Amino acid sequence: MNVQNGIRQGVSLADRYDLTKSPVLLNGTQALVRLMLMQRARDKAEGLDTAGLCTGYRGSPLGAVDLTMQKAARELEAAQIRFQPGLNEDLAATAIWGSQQAELRGEGRHQGVFALWYGKGPGVDRTGDVMRHANMAGTSRFGGVLMAMGDDHTGESSTVLHQSDWAMVDAYMPVVSPAGVQEVLDYGLYGWALSRFSGLWVGLKTMKDTVEATAVVDGNPFRQRFVTPEFRMPPGGLNIRLGDTPVAQEARMIDFKRFAAEAFSHANGMDKRIWGRPGAKIGMVAAGKNWLDLSHALSLLGIDAVEAERLGITTYKVGQTFPLDMKGFHDWAEGLETIIVIEEKRKLIEVQVKEAIFDDRRGRRVLGWHHDRTKEELFPTRYALDPLMIAEKIGGILIEEGRGTEAVKAGLARISEARRADNARDMAARLPYFCSGCPHNSSTKVPEGSRAYAGIGCHYMVQWMDRDTSGFTHMGGEGANWIGEAPFSTRDHVFQNLGDGTYNHSGAQALRAALAANVNITYKILFNDAVAMTGGQRHDGALTPMAISRQMWAEGAQAIVVVTDEPGKYPSGADWAPGVTERQFDCTEQSPQPSQTIWLTTTRFCGSGMVPRLRRRRLSAAQGL
Ligand SMILES: Cc1ncc(C[n+]2csc(CCOP(=O)(O)OP(=O)(O)O)c2C)c(N)n1
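Reading the values: rules and limits
- Residues numbered from 1 in each chain as written.
- Predicted model: local features only at pLDDT ≥ 70, side-chain atom pairs only at ≥ 80, totals over all residues.
- Heavy atoms only, no water.
- Helix = DSSP H or I, 4+ residues; strand = E, 2+ residues; numbered from the N terminus.
- Rg over C-alpha atoms; globule rule 2.2 N^0.38 Å.
- Buried < 20%, exposed > 50% of the residue type's maximum accessible area, 1.4 Å probe, protein only.
- Contact = heavy atoms within 4.5 Å.
- Areas by Shrake-Rupley, 256 points an atom, 1.4 Å probe, with all protein chains shown as cover.
- Lys, Arg positive; Asp, Glu negative; His and termini not counted.
- Charge placed at Lys NZ, Arg CZ, Asp CG, Glu CD.
- Salt bridge = Lys/Arg side-chain N within 4 Å of Asp/Glu carboxyl O.
- Polar contact = N/O pair within 3.5 Å; in protein donor to acceptor, adjacent residues only side chain to side chain.
- Phe/Tyr/Trp six-rings, centres within 6.5 Å; stacked < 30°, edge-to-face > 60°.
- Lys NZ or Arg CZ within 6 Å of the ring centre and 35° of its normal.
- Domains from an automatic or database assignment.
- Buried area = accessible area lost by both parts, 1.4 Å probe.
- Core = buried A, V, L, I, M, F, W, Y, C linked by side-chain atoms within 4.5 Å.
- Pairing = 2+ DSSP bridges.
- Axes fitted to C-alpha atoms, helices over the stretch in contact; angles between N-to-C directions.
- Parallel < 35°, antiparallel > 145°, perpendicular 65-115°, else oblique.
- Left-handed = near helix turned anticlockwise from the far one by under 90°.
- Nonpolar A, V, L, I, M, F, W, Y, C, P; charged D, E, K, R; others polar.

Undergrad: Please provide a residue-by-residue account of the overall build of the protein, values included.
TA: Of the regular secondary structure elements, the protein holds 21 helices and 23 strands. Against the compact-globule benchmark of 25 Å for 625 residues, the protein has a radius of gyration of 27 Å, which places it among compact chains. If you line up the protein on its principal axes, its C-alpha atoms span 80 × 65 × 65 Å. Buried residues in the protein amount to 57% of all 625 residues. If you take every contact in the protein between residues at least 6 apart in sequence, the share linking residues at least 24 apart comes to 77%. When the accessible surface of the protein is summed, it comes to about 26300 Å², and 52% of that surface belongs to carbon and sulfur atoms. In the protein, the 70 positive side-chain charges and the 71 negative ones have mean positions that sit 3 Å from each other.

Undergrad: An account of the pattern of salt bridges is needed here, citing residue identities and associated values.
TA: Per the counting criterion, the structure on display carries 33 salt bridges. When the shortest N-O distance is used, the salt bridge between Glu183 and Lys317 registers 2.8 Å. Here Glu183, found in helix α8 (residues 181-198), pairs with Lys317, found in strand β13 (residues 313-318); they are 134 residues apart in sequence, far enough to count as distant. What makes Glu183 buried here is its relative accessible area of 16%. Ionic pairing is found between Arg365 and Asp372, a salt bridge with its closest N-O pair at 2.7 Å. Among the residues examined, Arg365 registers a relative accessible area of 9% and is labelled buried. Where salt bridges share partners, they join Asp15, Asp18 and Lys21 into one cluster.

Undergrad: Describe unusual backbone geometry, naming the residues involved and giving the relevant values.
TA: With an omega of 5°, the peptide bond between Ser22 and Pro23 qualifies as cis. On the secondary structure map, Pro23 appears in the loop between β2 (7-9) and β3 (24-27). A positive phi is found at Gln80, a non-glycine position, where the angle reads about 65°. Along the chain, Gln80 falls in the loop between α3 (73-78) and β5 (81-83). Although it is not a glycine, Asp529 adopts a positive phi angle of roughly 65°. Summarising the element assignment, Asp529 is placed in the loop between β20 (521-527) and α20 (545-555).

Undergrad: Account for the side chain of Glu343, with residues named and values stated.
TA: Relative to the assigned elements, Glu343 resides in the loop between β15 (338-341) and α14 (349-357). Within the buried set, Glu343 has no salt-bridge partner at all; the shortest N-O distance to an opposite charge, 5.7 Å, is to Lys347. A distance of 2.6 Å separates the side chain of Glu343 from the backbone nitrogen of Ile349, its partner in a polar contact. Ignoring anything within four residues of it in the chain, the contact list for Glu343 reads Asn290, Leu348, Ile349, Glu350, Phe379, Pro380 and Leu385.

Undergrad: Tell me about the packing of aromatic side chains, residues and numbers included.
TA: What the rule picks out here adds up to 13 aromatic pairs. Directly above the aromatic system of Phe259 lies the positively charged group of Arg258, at a separation of 5.3 Å from the ring centroid. A cation sits over an aromatic face here: Lys524 above Phe495, 5.2 Å from the ring centre.

Undergrad: Mind laying out the domain arrangement of the protein, listing which residues take part and the relevant values?
TA: Each assigned domain of the protein is listed with its residue range as follows: domain 1 (15-267), domain 2 (272-421) and domain 3 (440-602). For domain 1 and domain 3, the distance between their C-alpha centroids amounts to 36 Å. When domain 1 packs against domain 3, the two sides together hide about 1000 Å² of surface, and 55% of this comes from carbon and sulfur. Considering only the surface of domain 1 that becomes buried against domain 3, Arg58, Leu87 and Thr159 emerge as the three largest contributors, covering 50% of it.

Undergrad: Let's hear about the nonpolar core: which residues, and what values?
TA: Within the largest apolar cluster, 49 residues are counted, with the highest numbers of intra-cluster contacts made by Leu32, Met36, Met69, Leu116 and Trp192. Per-element accounting of this core gives the leading share, 10 residues, to α8. What Trp192 contacts, discounting residues up to four positions off in sequence, is Leu35, Met36, Gln39, Phe114, Ala115, Leu116, Gly143, Gly144, Val145 and Leu146. One finds Leu511, Phe527, Leu543 and Ala577 within the second-largest nonpolar core, a separate group that totals 29 residues.

Undergrad: So what's going on with the pairing of strand β7 (residues 145-151)? Which residues, and what values?
TA: The buried count for β7 comes to 7 of 7 residues, which makes it a mostly enclosed element. Neither face of β7 is exposed, since Val145, Met147, Met149 and Asp151 on one face and Leu146, Ala148 and Gly150 on the opposite face are all buried. Bridge count for strand β6 (residues 112-120) against β7 is 6 bridges, and the pairing is parallel. Paired with Lys120 across the two strands is Gly150, which belongs to β7.

Undergrad: Just give me the short version of the sheet that holds β7, but keep the residues and values in it.
TA: Spatial ordering of the open sheet is given by β5-β4-β6-β7-β9-β8-β14, a layout of 7 strands whose pairing is mixed. In this open sheet, the two strands that pair with only one neighbour each are β5 and β14 (320-322). Of the strand pairs in this sheet, strand β4 (residues 50-56) and β5 are connected by 3 bridges, and their pairing is parallel. Bridge assignment links Leu53 to a residue of β5, and that residue is Arg82. Seen against the sheet, helix α1 (residues 28-45) touches β4, β5, β6, β7 and β9 (201-207) and runs at an angle of roughly 165° to β6. Those strands touched by helix α4 (residues 89-99) are β4, β6, β7 and β9, and its axis lies near 170° from that of β6.

Undergrad: Which residues make up the packing of helix α11 (residues 288-300) against helix α15 (residues 387-400), and what values do they have?
TA: At a closest axis distance of 8 Å, the pairing of α11 and α15 adopts a crossing angle of 60°. When the axis of α11 is compared with that of α15, the two are oblique. Considering how the two elements wind past one another, α11 and α15 form a crossing that is right-handed. Mapping the contact onto sequence places Asp293, Leu294, His296, Ala297, Leu298 and Leu300 in α11 and Pro387, Leu388, Ile390, Ala391 and Ile394 in α15. Within the contact of α11 with α15, the residues separate by chemical class into 9 nonpolar, 1 polar and 1 charged.

Undergrad: Please set out the packing of helix α13 (residues 326-333) against α14 residue by residue, giving values where relevant.
TA: Here α13 crosses α14 at 75°, and the two axes come no closer than 11 Å. As judged from the angle between their axes, α13 and α14 are roughly perpendicular. Contacts between α13 and α14 involve Met326, Phe329 and His330 on the former and, on the latter, Gln352, Val353, Glu355, Ala356 and Ile357. Looking at side-chain class alone, the contact of α13 with α14 contains 5 nonpolar, 2 polar and 1 charged residues.

This is the structure:
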């Protein structure tokens, strides 16, 4: 780097994908792009002809992966990396499974394909079937699979509070948990190395705190060297193969792959003692975002590395949260009397720590969700943790343990004073609403006496407007709930709103189910020509109102009405399904059709979910769902 008069010369935004430049400024999503480029560079340097595939589906906190990958198309292409937006998450994962099969039959163009899947937590959930199958089948030797799961622990931008770690565990996938942008790079490269070695898909946990963050990072692709552990491989190894059987796959998974992942973590020191030394009595364990929280909490209590050592405290940063490197953990925990696990949401590290020391009969205590003696809740499983709360809990434990120094007490007093002062009042609060001019403003109105269901998309917001709309389903279930409700309801008809992006992702299937069950429902397919809420992406494939009408007609919809803000917008020869009628926008009219009607509301304007953020907690439901 050239420095003149204290000013760095030659720094440009283009550096972020230039592997000859480091350090670089990256946000977490850009780091995923650079990560792929770095993997290719490492392979090339090893003389390996590999290629890359990135596919998945948008959703916060990974809503902009597709847009970011598309912007980097030139760099990716030059590195033999393909970006392919998925139609939905599970089909994208199936494509990733395919990428691991490319060399199986001697037809491969490369020696391996390293692959990156991305998706929001609910997208992980719907992908469960593929994850299990594909992880059982395995990865290719010079390929490897990373699954970047976008987790929203506080439901800020989601219809549900979610955590994907356990979905990964359920499919026997190792999980790595970066604590920021640097570790998205470091753990990402580790993840592919692990995936190649163990034959497993690897989960890369991302959260808004770690991926919607920007940092100056060391972007040198060769910064890490991975060690291959001594491991007794079964005949045929652990990677994907032809002619496999489900029984053999399960045995390979249980007897070898899981242990290979543990051995790989140990050999590469993924979990580390950070502060303190052997002989310490109190140990604190955390990973990812909670590691950042813990570091902050300790600083609030006036504890730094020197003070920790003096107090007999040691901290342990876990990089691979599953499977936990048991040997590494035992080495660190030797001599400890009290182990505190700071972990939000459903406990993953805590249960493994308890398993690790269950038989050792040394009376070591583990405090996590609950205090072991008082049974009082320490680190709740609901919602999330924050540094203040952690500091309060840890400060209390240190006092109990006779290590409550003046600095710790002063830290606690400052926190309690700050809480009393209520010095962080909300400056503004308002519920999110549609962008001005948004078509959903009028298209979500219902006739008097009717009621509607919402779904996933911007129109979810109508639930807190005066629109007689309450209740919703997950993405792609829209209207299927009425199949179960209708036979037991005194109401004979409902409206169901369905965004065009959701229709494309999976909603068409729910429509088919409603038609097959012959329930009385009017779908309003809200065509705004964008997947608005996640950033206004174009639809994958060619989706037009005409095509939807033909699809629905072929499925057997009884009537299809095009409701538009501009009558006559479509030319007389437009390729509508037979019998389609067009009418001007008035969604408060009673549907003239008896049942199973599709209203296709089509408009031109979409502001793509650009609701201003005034107050994140209240507004975020409108941001990305
Ligand atoms: C399974 C799943 N994947 C992704 C998301 C993230 N997500 C929330 S809203 C949305 C866009 C929906 O687009 P569309 O149906 O066209 O509605 P619009 O926002 O345009 O009104 C997406 C992808 C999600 N909620 N669930």
